Amino acid sequence: MTTPTPTQGKGAHEGRLAAGAVVFAAVLLLVGGVLGVLEGASAVSKDKVYVATPHYVYQFNLTGWGWVHIVLGILAILAGVGLLADRTWARWAGIGIAGLSLIAQFLWLPYYPFWSIVMIAVDVFVIWGLTSHRRVSDF
């Protein structure tokens, strides 16, 4: 890690950290999206991995949940690619998709609790990384 020169000032260093957070969020979106598609495909194929809870308040067909995860996963992948291409729309889309994914994982909690908690944490990191982003010119 290099220290900023007097002409760069503190802002250049913070800008690199903010840019790193966006790249981190983009990679998490890509990985989370791919895993969401795989999770959804497993649910659509009625895999025996998931536990069906009989008295769940947000009860939804396992195939329906699978399609929700597949769609959110594809959208997350697209937003992650857009973030790596430094598109402004992708930052806002990534925040929205991570928020929707967080809600979907909360509702998915009874089917696969450990994985849902892990993905909720990933979504929180994505939202943090994308909302903490400031361009170097903002300093």
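Now for a look at the structure at hand. Starting afresh in each chain, residues are numbered from 1 along the sequence in its written order. Given that the model is predicted, a residue must reach a pLDDT of at least 70 before its local features are reported, and side-chain atom pairs must reach 80 or more before they are shown or counted; all residues, however, enter totals for whole chains, interfaces and linings. Computation of side-chain values covers all heavy atoms of the structure but excludes hydrogens and water.

### Here we look at the nonpolar core
Okay, so step 1: Counting 15 residues, the largest nonpolar core has Leu29, Leu83, Val126 and Leu130 as its most contacted members.
Okay, so step 2: Put simply, DSSP H or I for four residues or longer makes a helix, DSSP E for two residues or longer makes a strand, and each gets a number counted from the N terminus. It is helix 1 (residues 9-44) that contributes the most residues to this core, five residues altogether.
Okay, so step 3: Buried residues of nine kinds, namely Ala, Val, Leu, Ile, Met, Phe, Trp, Tyr and Cys, make up a nonpolar core once their side-chain atoms join them within 4.5 Å. Each residue is placed in one exposure class: buried if its accessible area under a 1.4 Å probe, protein chains only, is under 20% of its type's maximum, exposed if it is over 50%, and partly exposed if it falls in between. Grouped together as the second largest cluster of nonpolar side chains are eight residues, Trp65, Leu72, Leu107 and Tyr111 included.

### Notes on the packing of aromatic side chains
Okay, so step 1: In this scheme Phe, Tyr and Trp rings, the latter by its six-membered ring, pair at centre separations within 6.5 Å, and the angle between planes marks the pair as stacked below 30 degrees, edge-to-face above 60, and tilted otherwise. In total, this model carries three aromatic pairs according to the counting rule given.
Okay, so step 2: An aromatic cluster is built from Trp65, Trp108 and Tyr111, whose rings are joined through pairwise contacts.

### Brief notes about a nonpolar patch on the surface
Okay, so step 1: Residues Val23, Val27, Val31 and Leu84 make up a contiguous nonpolar surface patch of roughly 320 Å² in combined accessible area.
Okay, so step 2: As for its placement among the helices and strands, Val23 is situated in helix 1.
Okay, so step 3: Residue Val23 is classed as partly exposed on the basis of its relative accessible area of 45%. Patch rule: a residue counts if its relative accessible area is over 30% and it has no salt bridge; like charges are joined within 9 Å, and nonpolar side chains (Val, Leu, Ile, Met, Phe, Trp, Tyr) within 5 Å. Working definition of accessibility: Shrake-Rupley area with a 1.4 Å probe, residue cover restricted to the visible protein chains. The rule for a salt bridge is simple: a side-chain nitrogen of Lys or Arg has to be within 4 Å of a carboxyl oxygen of Asp or Glu.

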